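Understanding the architecture of this molecule
Read off the chains here:
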Amino acid sequence: MRERTFVMLKPDAVQRCLMGNIVSRLENRGLKTVAMKFLVLSEAQAAEHYAEHVGKPFYPGLLEYIRSGPVLAMVWEGDNAVNVARQVMGDTRPFEAGPGTVRGDFGLEIGRNIVHGADKVESAQREMAIYFSPEELVNWTRIDDKWLYE
Ligand code: IDP
Ligand code: MG
């Protein structure tokens, strides 16, 4: 099922110069870039993004972390894009994430887990609308699409 998902490279990914590496992993897996934006989140954007976590003990630290520097907000498309992107990222807790995943290869702590990925199609749609207007989502055909899909 062709889907679009929302992925964000968090401030630690940017500061540790992992953007290119992580974008490459998503491209190599076969996902297609639909939108990218480099920005520092406003308080309102961060609160909207993490609305589901309001009131949890880690929430204040999470907001501080996510606003501590620039992030790369992105939309990716492909078959089962939501789950595929989460697989590429690995488990939420980097110390449990498998080798070969972004979090498993680059992280140790849950509070510095490098990357965000929407957990279902509805979340992806909600999240991409925080960062992108509909006109900013680019429709195009990857030249290797015919080799990625039968
Ligand atoms: P996810 O990012 O894998 O979807 P969620 O449970 O939705 O994981 O949590 C959102 C983010 O909140 C995590 O990626 C992580 O940055 C942060 N977080 C979640 N639980 C904790 C915690 O116990 N301590 C610190 N940060 C946490
Ligand atoms: Mg989540």
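This text goes with the structure placed above it.
Residues numbered from 1 in each chain as written. Chains lettered and ligands numbered in written order. Predicted model: local features only at pLDDT ≥ 70, side-chain atom pairs only at ≥ 80, totals over all residues. Heavy atoms only, no water.

**Some thoughts on the site of ligand 1**
For ligand 1, the full set of nearby residues is Lys10, Tyr50, His53, Phe58, Leu62, Arg86, Thr92, Arg103, Ile110, Gly111 and Asn113. His53 places a side-chain nitrogen or oxygen 3.1 Å from an oxygen atom of ligand 1. The contact in question runs from an oxygen atom of ligand 1 to an N or O atom on the side chain of Thr92, over 2.5 Å. Burial of ligand 1 by the protein amounts to 76% of the accessible area it has alone, namely 530 Å². Of the pockets mapped on this structure, ligand 1 occupies the largest pocket. Residue classes in the shell around ligand 1 are distributed as 4 nonpolar, 4 polar and 3 charged. (Near = heavy atom within 4 Å. Polar contact = N/O pair within 3.5 Å; in protein donor to acceptor, adjacent residues only side chain to side chain. Areas by Shrake-Rupley, 256 points an atom, 1.4 Å probe, with all protein chains shown as cover. 1 Å grid on protein atoms, 1.4 Å probe; cavity = no way out; pocket = protein on both sides within 12 Å on 5 of 7 lines; lining within 4 Å. Sits in = over half its atoms within 2 Å of the grid points. Nonpolar A, V, L, I, M, F, W, Y, C, P; charged D, E, K, R; others polar.)

**Some remarks on the side chain of Lys32**
Structurally, the position occupied by Lys32 is in strand S2 (residues 32–39). Given the relative accessible area of 8%, Lys32 is considered buried. The residues contacting Lys32, other than those within four sequence positions of it, are Val75, Trp76, Glu77, Trp140, Thr141, Arg142 and Asp145. (Helix = DSSP H or I, 4+ residues; strand = E, 2+ residues; numbered from the N terminus. Buried < 20%, exposed > 50% of the residue type's maximum accessible area, 1.4 Å probe, protein only. Contact = heavy atoms within 4.5 Å.)

**Some words on the layout of surface pockets**
Volume-wise, the largest pocket comes out at about 480 Å³. Lys10, Tyr50, His53, Thr92 and Asn113 are, among the 22 residues lining the largest pocket, the residues nearest its centre. Contributing elements (two or more residues each) for the lining of the largest pocket: helix H4 (59–66) and strand S4 (115–117). The class makeup of the residues in the lining of the largest pocket is 7 nonpolar, 8 polar and 7 charged. (Points joined across faces, edges and corners; volume = space filled by probe spheres on them.)

**Section: the pattern of salt bridges**
Tallying each qualifying case throughout the model produces 6 salt bridges. Across the salt bridge formed by Glu77 and Arg4, the nearest N and O atoms sit 2.7 Å from each other. Highlighted residues: Glu77 in strand S3 (residues 71–79) and Arg4 in strand S1 (residues 2–9), separated in sequence by 73 residues. Given the relative accessible area of 23%, Arg4 is considered partly exposed. The network of salt bridges with common partners includes Arg4, Lys32 and Glu77. (Salt bridge = Lys/Arg side-chain N within 4 Å of Asp/Glu carboxyl O.)

**Concerning the sheet that holds S1**
Ordered in space as S2-S3-S1-S4, the 4 strands form an open sheet in which the pairing is antiparallel. The open sheet has two edge strands with one neighbour each: S2 and S4. Strand after strand, the sheet turns through a mean of 20° between neighbouring axes, direction not considered. (Pairing = 2+ DSSP bridges. Axes fitted to C-alpha atoms, helices over the stretch in contact; angles between N-to-C directions.)

**Observations concerning the environment of Ala13**
Mapped onto the secondary structure, Ala13 falls in helix H1 (residues 11–15). Judged by its relative accessible area of 0%, Ala13 falls in the buried class. Residues Ala13 and Gly30, 17 residues apart in the sequence, show an inter-C-alpha distance of 21 Å. Among residues more than four places away in sequence, those in contact with Ala13 are Leu18, Met19, Ile22 and Ile114.

**Observations concerning empty space enclosed by the protein**
Taken as a whole, this structure holds 1 cavity of 30 Å³ or more when the rule is applied. The computed volume of the largest cavity comes to approximately 40 Å³. Around the largest cavity, the lining residues are Arg2, Gly30, Lys32, Glu77, Gly78, Asp145 and Tyr149. Its residues placed into classes, the lining of the largest cavity shows 1 nonpolar, 2 polar and 4 charged.

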